[in-house]
Each structure stands twice: as structure tokens, then as C-alpha cells.
Amino acid sequence: MIDDLDLGFDEQERGEKGRHRRGFVNRRNGTSGGRKSGGGLGKTIFALFMALVLLGGIGGGAFYGFDRIRNHFITPDFDGPGSGEALVDVKQGDTATDIGNSLYDAGVVKSTKAFVEAADDNALSKNIQVGRYKVKKEMRATDALALLLDPKSRVVNGVTIPEGMITLAIYDLLAKETKIPVAEFKAAAKDPVKLGVPEFWFNRKDGKKGPRSLEGFLFPATYELPPKATAPQILSLMVDKFLDVTGGMKFVETVEADRGISPYEALITASIAQAESVNHEDMPKVARVIYNRVYTDRYHCKCLEIDSAINYWLRLQGKNPKDSDILKQSELNDPRNPYRTHGADGLTITPISNPGEDALKGAMSPPNGTWVYFMTIDKKGTMGYGTTDADFRELQRKMCTNGVLSGENCR
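Please read all numbers here as calculations on a predicted model, not as lab measurements.

A. View of the pairing of strand S9 (residues 383-386). The alternating pattern of S9 places Met383 and Tyr385 and Gly384 and Gly386 on opposite faces, both of which are buried. Counted along the chain from strand S8 (residues 373-376) to the antiparallel partner S9, the turn is 6 residues long, and its residue Gly381 has a positive phi close to 95°.

B. Quick look at the state of the cysteines. If you walk through the whole model with that rule in mind, you get 2 disulfides. What pairs with Cys301 in a disulfide is Cys303, and their sulfur atoms sit 1.6 Å apart. Residue Cys301 is classed as buried on the basis of its relative accessible area of 17%. A sulfur-sulfur distance of 2.0 Å marks the disulfide that ties Cys400 to Cys410. Because the sign of the S-S torsion sets the handedness, a value of about -90° for the bond joining Cys400 and Cys410 places this disulfide among the left-handed ones.

C. Region of the structure containing the sheet that holds strand S3 (residues 83-90). Read across the open sheet, the 3 strands follow the order S3-S4-S5; overall the sheet is antiparallel. The outermost strands of the open sheet, each flanked by one partner alone, are S3 and strand S5 (154-155). Bridge analysis of strand S4 (residues 131-137) against S5 gives 2 bridges, and the strand direction is antiparallel. In the strand pairing of S5, Arg132 is matched with Val155.

D. Region of interest: the nonpolar core. By size, the foremost hydrophobic cluster in this structure holds 65 residues, and its most contacted members are Leu174, Leu214, Phe217 and Leu235. Filtering out sequence-adjacent residues up to four positions away, Leu174 remains in contact with Val159, Ile161, Lys179, Phe185, Ile234, Leu235 and Met238. Formed by 22 residues, the second largest nonpolar core is a distinct cluster that contains Tyr133, Met139, Ala144 and Leu148.

E. How the structure looks around the pattern of salt bridges. Enumeration according to the criterion identifies 10 salt bridges in this entry. Put simply, Glu331 and Lys322 hold a salt bridge, and the shortest N to O gap is 2.5 Å. Residue Glu331 is classed as buried on the basis of its relative accessible area of 18%. Given a relative accessible area of 28%, Lys322 falls into the partly exposed group. Between Asp334 and Arg336 there is a salt bridge, with the nearest N and O atoms lying 3.2 Å from each other.

Thresholds applied
- Residues numbered from 1 in each chain as written.
- Predicted model: local features only at pLDDT ≥ 70, side-chain atom pairs only at ≥ 80, totals over all residues.
- Heavy atoms only, no water.
- Buried < 20%, exposed > 50% of the residue type's maximum accessible area, 1.4 Å probe, protein only.
- Helix = DSSP H or I, 4+ residues; strand = E, 2+ residues; numbered from the N terminus.
- Pairing = 2+ DSSP bridges.
- Disulfide = S-S within 2.5 Å.
- Core = buried A, V, L, I, M, F, W, Y, C linked by side-chain atoms within 4.5 Å.
- Contact = heavy atoms within 4.5 Å.
- Salt bridge = Lys/Arg side-chain N within 4 Å of Asp/Glu carboxyl O.

Printed below as a string of C-alpha cells:
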């Protein structure tokens with residue numbers, strides 16, 4: 001068919017960029033769309049013949065005109081496999097035309113149109129992933145497409161954020177990987193809303209006041225960092241991942257409907273469960289203990305009385321965390337510590353780690369139970385749970401027997 005081609009010569013004189021938005025790879029639903037150009041060979045020959053008649057022959061300038069018209073029917077494409085090197089970025093939401101334009105701009109393909117047609121003819125083109133690719137200059141469009149479909153061509157600049165890391169440790173890790181100063185990450189983190197955290201996430205139903213911290217919103221995962229990304233861009237990428245994960249599990253809706261608390265309180269709970277649990281299977285039960293202590297009358301106070309919050313405060317001050325059996329009573333009850341949970345009711349004022357998916361699910365949908373104690377009873381990280389004072393003493397005995405606890409607590 002030739003009715004969808006622009007027969008003006010201006011575009012030919014600009015280098016046959018061929019920015020026709022016919023074919024596309026839908027990056028959202030993975031389908032290929034758009035109609036193919038062409039028509040039968042006979043129609044093409046007939047069209048070329050008519051062009052010759054109109055130009056009055058094939059001599060001199062008429063041949064030049066013929067060559068220009070021919071290019072509208074024969075898609076400009078390089079003949080060879082290419083040489084040298086070029087880097088091309090495929091962005092989220094890019095169509096085949098967008099990718100073709102990027103390839104053309106980098107000198108990889110002879111025309112965008114050639115790449116679009118190659119993508120239309122290859123059902124696998126829908127599998128092109130977002131990222132940066134190392135390709136060659138002056139390639140056949142089909143060869144360029146093959147490289148974009150080859151994982152080995154992808155330039156990976158990834159960094160893995162482990163579960164349970166606190167923001168300060170994440171900034172240190174990112175600084176080492178990117179050479180961006182830690183100070184720039186700290187500066188960007190001062191405004192979590194600007195980084196993409198919706199304001200409603202900081203609403204609480206328990207009446208507690210605290211700073212708007214980025215803690216809890218930097219989702220632990222492996223990230224492919226864009227080239228020359230800034231500190232705000234990298235942190236925003238991690239916040240986006242957090243929102244994608246919590247959105248996919250309907251965290252906000254489930255917490256509000258089933259728990260009767262704010263999503264932020266559940267996030268704080270998830271961060272504590274992440275910090276306190278060695279094994280993932282314990283995170284839901286730990287979340288249940290936290291809820292039982294803070295939101296019911298099963299415990300002797302509506303307080304947490306956990307050491308992980310104390311250690312979080314120590315780390316924020318640049319100090320090393322301490323084992324439970326060497327923490328002093330003066331440290332546990334220090335009124336200057338905004339994160340103290342001994343002698344202070346309710347949850348902590350912010351999350352104390354960046355929880356992973358299992359911790360979030362555990363806080364969103366914990367199992368039923370009356371436990372108000374959880375204790376790590378051996379060096380493998382096995383967790384024990386209890387409801388009564390007798391349960392507590394038995395768990396403590398196991399800790400002492402297994403060498404997890406020592407000192408006065410074991411006398």
C-alpha cells in the first residue's frame with residue numbers, strides 16, 4: 001500500500017530518518033501493532049514506472065529524481081553487519097519508532113523506517129527490555145534488532161540493596177557504586193514527597209508525631225541505574241519500586257480495611273519485623289506480636305520494649321549497635337532518645353529499616369495469635385513465641401542454654 005507514505009522530498013533531503021509512526025512495540029501490553037508498508041512487488045514496479053513517465057525519461061536530472069522517489073518505496077538500510085561501537089538507550093514506554101529514532105541518531109541504522117519494518121516482521125521485538133545497549137554503527141536493521149534482543153548486548157550498571165538496610169547504610173553503598181557523595185543523597189532525602197512518596201503515607205491514626213523520613217520507602221532490590229543518574233533520581237527510582245510493590249499487593253487498601261490502622265503504622269511494623277527477624281517465615285508472627293503489644297491490652301503496657309529501635313538510634317548517631325545483654329538500662333530508658341521503646345508507649349516515630357516484600361506482607365496480613373513475646377532462642381535465628389510470663393521464662397531459659405543470652409539474665 002502506498003497511501004500512507006509521505007511523498008514530499010524534504011524528508012529525503014534530511015537523511016531518510018523515516019519517522020513514520022506506523023509500526024510500534026507496545027511496551028505496556030507487549031503486543032505488536034501498526035500496519036506494514038509495501039504492497040506487492042508489481043505495484044512498486046508500476047509506481048516507479050509511472051514516476052519515470054512523469055519525470056520524462058531516465059537521463060540526467062530525471063535519474064536523480066527517480067532515485068529520490070525510489071527511496072520512498074525501497075526502505076534505506078545498511079548492507080553490512082556494522083563496525084565500531086555505539087550506545088543506545090531504550091526507555092520505558094518506547095515504541096519501535098522511538099527506538100528506531102534513537103538508533104538512527106546514533107548512526108546505527110540508515111533509517112528509522114528500516115528498524116520499524118524489522119520490528120514489525122519479528123514477533124520477538126515485543127521482548128526488548130528497558131536499558132542501555134552496546135551496538136555497532138551502520139548495521140542492517142535486522143542485525144540491530146537482534147542485538148537489542150540479546151541480553152549480552154545490555155550494559156548493566158546494577159546495585160543490590162539488601163533487605164533491612166537503614167537509609168544511612170544505603171547512601172554509603174550507593175555512594176561507593178556511583179561515586180556520588182553521600183551528602184547529596186542525604187540532601188535529596190530531606191524531602192521524601194519530592195522524591196515521590198505520596199503525602200498520605202505520613203498520616204497516622206495513633207497520634208504520634210515524627211519527622212518525614214525516607215526510612216522504609218527505599219525498597220530493597222537490584223536496580224539498574226541510568227547513566228549519569230543523580231542522587232534524587234536514584235532515590236526516586238527506589239521509591240517508585242516501593243510504590244509498585246505495595247500497590248501490587250494492595251498494601252494500603254488491605255491495611256486500612258483489615259487492620260484499622262494507617263499504612264504508615266503498618267510500614268513501621270514491617271520495618272521492625274524485618275529488623276528483628278532472622279528468618280522470613282517469622283516476620284508475620286513478629287508483626288502480630290507488635291500489634292498485640294501496641295494495640296491491645298494483652299501486654300503490661302502499650303509499648304514495644306525492643307532493642308532494635310535503640311540500636312537504630314545508635315546507628316543514626318554514627319555509633320555501633322549493641323547486643324541485648326550489654327545494653328545498659330540507662331540506654332534503654334534514655335529520655336533523649338526519640339526512638340526509645342522502654343517507658344514509651346506506641347510504635348517508633350519512623351520506620352527503623354527498609355523492609356522487603358515478606359515483611360510488608362507480614363505486617364499487612366499477620367496470622368491470628370495472642371503472643372506478646374518473641375525471642376531468638378538459638379544462634380540459627382530460630383524464633384520462639386509466648387503469651388504468658390511462664391512462656392517468657394521458658395524462652396529465656398532456652399536462650400541462655402543455647403548461648404544467645406548471658407550475664408545477669410541467665411542467673
